[in-house]
Amino acid sequence: MERFEMVIEQYTPMISALIRKLHIYRDFEVYRQAGKVALWQAYKRYDKTKGNFTPFAYRSIHGALLDELKHEARFASQVTVVESESFEGLVDSRFTDELPEWLDQVQLTEEERRLLENLFVEGRSLAELAVLHQLSLAGMKKRRERLLKKVRSQLLEDKVDILK
């Protein structure tokens, strides 16, 4: 561990230089930490027979910082809020008060309809439903998979019949 502390001291300026090179202008500590983690991983993976450590560390840190930038951009695009946006109209589309009307076209048993309501109206997890129905989690996943396949196939059949 003492050896890595010397490595981190030696390569901290490289991390800072890469942060500047990538034009990162906020959350410096987050990116420095990502660079240090990448340096640690590079230190652990380094094989002396394959060349010098410095270029290997550089590419590892550079890649980790780019990954962190992508992660940050993806998160920002999903969470960005506009100030003028009205929050009253926002509803999580996965959970509503009832199943959609188009689902009435599909022939389902009462148990299948109840399972869809538990999953998509009440927002229950598969683990909860597995306990409720006294099934394994894998069994509940399979039941959900079969049910969704049944719904899809019947809706596609109806679509084909309409096109004929």
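In the block above lies the structure referred to throughout.
A. Inspection of the side chain of Q154 at higher detail. Considering the arrangement of structural elements, one finds Q154 in helix α6 (residues 137–163). Owing to a relative accessible area of 17%, Q154 belongs among the buried residues under this scheme. Excluding residues within four positions of it along the chain, Q154 makes contact with V106 and Q107.

B. Expanded view of helix α2 (residues 28–45). Here α2 spans 25 Å end to end across 18 residues, near enough to the 26 Å set by a 1.5 Å rise per residue. Among the residues making up α2, those that are buried are Y31, A34, G35, A38, L39 and A42. An end-on view of α2 places all buried positions within 140 degrees of arc, on one side of the element. In α2, those exposed residues whose orientation departs by more than 90 degrees from the buried face are E29 and K44.

C. Summary view of the nonpolar core. Ranked by internal contacts, the top residues of the largest apolar core, which has 20 residues, are V7, Y11, I19, L39, F53, I61 and L65. Looking at this core, the elements that each hand over two or more residues are α1 (2–21), α2 and α3 (53–79). Considering every element that reaches this core, the biggest residue donor is α1, with 8 residues. Setting aside residues no more than four positions away along its own chain, F53 makes contact with V7, Y11, L39, A42, Y43 and Y46. In terms of nonpolar packing, the next biggest core, distinct from the first, is built from 14 residues, L99, L103, V106 and M140 among them.

Cut-offs used in this document
All residue numbers refer to position in the chain's written sequence, counted from 1. Confidence filtering applies because this is a predicted model: local features only for residues at pLDDT of at least 70, side-chain atom pairs given and counted only at 80 or more, and all residues used for totals across whole chains, interfaces and linings. For side-chain calculations, the full set of non-hydrogen atoms in the structure is used, while hydrogens and water are omitted. Secondary structure elements follow DSSP: runs of H or I no shorter than four residues count as helices, runs of E no shorter than two count as strands, and numbering proceeds from the N terminus. Residue exposure (1.4 Å probe, protein chains only): buried if accessible area is under 20% of the type maximum, exposed if over 50%, otherwise partly exposed. Residue contacts follow a heavy-atom distance rule, with two residues in contact if any of their heavy atoms lie within 4.5 Å. The span expected for a helix works out to 1.5 Å for each residue beyond the first. To obtain the arc, one takes the directions from the helix axis to the C-beta atoms. For this analysis, a nonpolar core means a set of buried residues of the types Ala, Val, Leu, Ile, Met, Phe, Trp, Tyr and Cys, connected via side-chain atoms within 4.5 Å.

Functional significance is not addressed by these values, which are geometric in nature.
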